[in-house]
Amino acid sequence: MSDFELGLSFLLGQSGRSLIAIFWYTILFEIPRYAFPFLAVALVQFAAAMSSRKRFVAPLPHDAPLKVSVLVVGHNEANSLESCVRSLREQSFNEFEIVIVSDGSSDATAAIAARLVRGGLATRAFTLDLRGGKSSGVNLAIAACRGDIIISVDCDCSYDRFAIERLLGAFVDPSVGGACGDILPRNGNTSLAARFQEIEYLMTISVGKLFVTAFDQVTCLSGAFSGFRREALDMVGAFDVGGGEDLDITLRLRARGWRTSFVPAAVCYTDVPATLGTLVHQRLRWERDAVRLRYRKHKAVMLPGGRFVLAEAIHQCEFLLFNVVGTVAFVPYIGWLFATYGEMALPVLIAIQLGLLLNDATMLALAAVITGRPAFWRNLAYVPGYSLFSSYVMRFVRLWAYGQEWFFFGSIRDNYLPRKVRAIRRW
Amino acid sequence: MRERILLVDDDTLAQDLLKSVLQTRGYVVDTAEDGFAAVRMLRNERYDLALIDYHMPDLDGFASARLLRDVSSGDDGPKLVAVTADNNALSVRPGADTVFDAILPKVVAPQPLISSIEQLLKNPKRDRAIEAAAASWRERGLSGRPKVVAFPVPTREQALALDICFDRATLATADMIVLLDASALETISTWRARAGDFLLPVVDLSGTLATSCDAAFGINDPLSWNAAAEVIGKFSARRALLGRESQRAVDLDTRLMAYLYVADRALCPIGDPASKLFIRYPGFFPANELGAVTERLTGRGLLRRTFVDRFHSCGSCHAHRLNVREECLYCRSPQLSEVSLIHHFSCAALKPEDAFRSGKNLICPKCRQHLRHYGSDYDKPGTTLQCGSCGASNSQPLVGFSCQDCGAHTDGEAASTRDVYSFELTNEAIARLTAQNSIEFSPRDLPPALEWELKSLSRDYHEAATAIAKISYLKREHVFKTRGTAAFLKLRELFIENLRNVIADLGSVVATEEDDYLLLKETDPEELSRLAPSLFKQCEALLAESIGPEFTLIDISGRLAS
């Protein structure tokens, strides 16, 4: 009898109660995760009924059409700046000014920006001799630009022809303070890591955000492509020091009562990290920023007290439970499994993985249907790898990031920001 | 010097009679019908003597004379001579002998009148000055005082001074033109271009136009006497070298070249803040036509040009008087000021320093924190330009031009430029200018490509040794109709190709859009007419269809021969 048959017969021989005892991790952290959206609907509806929460509403109607500014802030982006601006000028909606900030670039960024301004492609440009980080650059541009809607883009991204027009559609609702577009990796074919991220972005952004926007739970307006209402930015004092400034400003806008929205039809294309090393590096940074911002800077919204906001507490708790606790609990679960079942633990893990694989494949099919993109057959063969990769690689990356941030303040060493800013960032 | 006499008489018949008598004696005579008119004329012109009829209505001769005495100043005033039939009546009038320098009887024979006038006009002091001036000119190699024409019409005072140094004459006999002030520039330039003399030196007497003129003259500056004498001598000598045709030229092209030859100078631009182009060319040729003329002559190899400078010009009025300034990108206001930016590290605020200033303190406008420690709390990552007019800020100013003449605004990058050259005559131009026989300067109406080819052939051979025939195609219309335009053009191209191969380096074929030309080196037209038919036949034989090539000889001056 092979190990597999042995494992199978072991699993089939369990009663319902003992199955729960074996698969508690999956039952606690994996299944509710997919069930949560439904839970969220109920909770949000409940919260709305219970509290008469004050919402900010932009003055309506706007007599004049909304003025739009697009901000391009970059450090040493000489290679991509011009193509970025030119692609923005190809947009179906083109009545916007482009403001470029060269943030302490040592290459030709400033000269190219100046040329684009002279050539009429961009509206204004600022050259900073000292690098101050993305937030300060964006803040400078926000103060100088004249738009009612301010769109922040990344230099190394490119945009679907209708992206800006569709993104602006979100602001018809005067309670929307910020909106982001969908992000699609354009280099999914370059490596396995990139392909896994293509699947991940599809599930977590294209479908994930589409789902949560229905419940008003968009908690991060992607830095690569987001628009903001000027009144909203003025109210929160625009961007704070990064990293994770996109998550930060979203949380602050939400805390002040602005609605944040996701526009699936506004598509932005980006290059995702193509090697495992850069991917891990990026995710360590993201996860460190996420715990720092959620549970240090913005903990007040989920704690009892004057700043408590139920809708914010919900997503904070959701993230805490499924991302933080779920990640941390995985290690003791494996240990417990092996301690309790000895060599039977392996078939259990395989069974879990098979279940997840089935689940991921179903999700992929649903995602393909929901987004209308030919994503299913293209990615099906990569789903087993993706499942394993998320369970056994990315989960440990998260674990490492949380530990590093919570106990060793890892994000302070993150060279994504200039040292002078990191050194005195408030926590 | 010819003295000027003013006749004041209400009797026009008597006036005309007297005028003709005096004019035959070489006086310049003006007439006035009464005392008031005389006063008006005296204000504008200097007269040596006024002959006043005593019996006039309204204002009689005596009153008129008093008036004239009043308006003329001191010694410079004209001698006043009364003419009367009633000599006694006037003589007894008190004061008559002091107002009038002489009283002459009305009916006088010409001879006594003339002698009386000559007697009266004698001015020993002035005559000595005139003689001294003539001697000075003779020392400098002239035969006496130079004959001049003055522009604009001199005032009385100017005329006084002019008449001592120069002999005023007409254009036909003048040695030079003297320029009294800038108001005459336009007059001079129109007749330089169109009529009048273009080969006389122009000498500046105003003291401000020397660079445009051929010389400058100041009565107190002996060196300027030298310069004036020298320029008169040079112009006169070089005028004699010019061919007759060139001397009588009526077209601007030839006039310009002849002037440059006679003046023996290059046409170099001169800085001139008063000109809207900032430059001016000497010689008083009309500035608006000079560009086209010089370009044409350069193209024909008659002028050689040298780059001097490049100007930006106004898009609206083409003036070069532009104010260059750094401007706001949005409102084009030059009211830009550079402001420092402050970056507050802990909240990412990045704004102009003004937003942080509060007396001596720096307070963050976003988080109200005091900034105390440069480098730890904040730094100044750069500067930006702020527009005082529209408030916009931007790191990049625009360069713009504002026209000081018409006020139009031009963006720096859109502004057109104009190159300014200096020009000098080529040897070919000099040869043509000095040729005593027929010369041909007017454009030959040859296509530029043909001119060019002719010029390149004549580097080795004299131009005249090249025979030219214009080729036309008799069956052109026929082929158009039967086979289409493209087919004809193809046949023509093949024909030309064949022709080129056949004549090889004996000459060349110039194909222009309109016509084709055959050039044969070291060939006279007769030889060309003999050779052409067989050449054409040979070249056409290879074509699929005949296009009927025919030729017309062209002589070198551009006229079709036959």
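Residues numbered from 1 in each chain as written. Chains lettered and ligands numbered in written order. Predicted model: local features only at pLDDT ≥ 70, side-chain atom pairs only at ≥ 80, totals over all residues. Heavy atoms only, no water.

1. What about the environment of B:Phe488?
Relative to the helices and strands, B:Phe488 resides in helix α18 (residues 485-503). For B:Phe488, a relative accessible area of 0% translates into the label buried. (Helix = DSSP H or I, 4+ residues; strand = E, 2+ residues; numbered from the N terminus. Buried < 20%, exposed > 50% of the residue type's maximum accessible area, 1.4 Å probe, protein only.)

2. Concerning helix α5 (residues 109-118) of chain A
Along α5(A), the positions that sit buried rather than exposed are A:Thr109, A:Ile112, A:Ala113, A:Ala114, A:Leu116 and A:Val117. Note on α5(A): the residue one or two positions beyond its end, A:Gly120, has a positive phi of about 85°.

3. Some thoughts on the nonpolar core
Grouped together as the largest cluster of nonpolar side chains are 72 residues, with contacts concentrated most on A:Leu81, A:Leu88, A:Ile98, A:Ile100, A:Ile151 and A:Phe225. Counting residues in each nonpolar core, the second largest holds 51 residues, with B:Cys165, B:Met176, B:Trp225 and B:Leu303 among its members. (Core = buried A, V, L, I, M, F, W, Y, C linked by side-chain atoms within 4.5 Å.)

4. Some points on the sheet that holds strand β8 (residues 176-179) of chain B
All names here are of chain B. Spatially, five strands are ordered β7-β6-β8-β9-β10 in an open sheet, and the strand pairing comes out parallel. Either end of the sheet is taken by a strand with one partner, and the two such strands are β7 (167-168) and β10 (215-216). In the sheet, strand β6 (residues 147-151) pairs with β7 via two bridges, with the strands oriented parallel. Bridge pairing links Lys147 to Asp167 in β7. Strands β6, β8 and β9 (202-204) of the sheet are contacted by helix α9 (residues 185-193), whose axis makes an angle of about 155° with β8. (Pairing = 2+ DSSP bridges. Contact = heavy atoms within 4.5 Å. Axes fitted to C-alpha atoms, helices over the stretch in contact; angles between N-to-C directions.)

5. So, the pairing of strand β5 (residues 102-105) of chain B
All names here are of chain B. Judged by which residues are buried, β5 turns out to be one-sided: Ala102 and Leu104 face inward and are buried, whereas Ile103 and Pro105, on the alternate face, are not. Pairing of strand β4 (residues 79-84) with β5, which is carried by four bridges, proceeds in the parallel orientation. Bridge pairing in β5 links Val83 to Leu104.

6. Considerations on the sheet that holds strand β16 (residues 349-352) of chain B
Taken in spatial order, the four strands line up as β16-β15-β19-β20 (chain B) in an open sheet, and their pairing is antiparallel. Looking along the sheet, the strands with just one partner apiece sit at the ends: β16 and β20 (393-394) of chain B. Both strand β19 (residues 378-387) of chain B and β20(B) contribute to a ladder of two bridges, which runs antiparallel. Bridge assignment links B:Gln386 to a residue of β20(B), and that residue is B:Ser393. Contacts from helix α6 (residues 134-144) of chain A reach β15 (336-344), β16 and β20 of chain B within the one sheet, and its direction differs from that of β16(B) by about 45°.

7. Re the interface of chain A and chain B
At the junction of the two partners, chain A supplies 30 residues and chain B supplies 30 residues. A combined buried area of about 2,300 Å² lies between chain A and chain B, and 57% of that area is made up of carbon and sulfur atoms. Our enumeration of links across chain A and chain B arrives at two salt bridges. A salt bridge links B:Asp379 to A:Lys420; its shortest N-O distance comes to 2.3 Å. Breaking the side of chain A that touches chain B down by element, the ones donating at least two residues are α5, β3 (124-128), α6 and α16 (419-424) of chain A. Ranked by residues supplied to the side of chain A that touches chain B, first place goes to α6(A) with seven residues. Looking at side-chain class alone, the side of chain A that touches chain B contains 15 nonpolar, eight polar and seven charged residues. (Buried area = accessible area lost by both parts, 1.4 Å probe. Salt bridge = Lys/Arg side-chain N within 4 Å of Asp/Glu carboxyl O. Nonpolar A, V, L, I, M, F, W, Y, C, P; charged D, E, K, R; others polar.)

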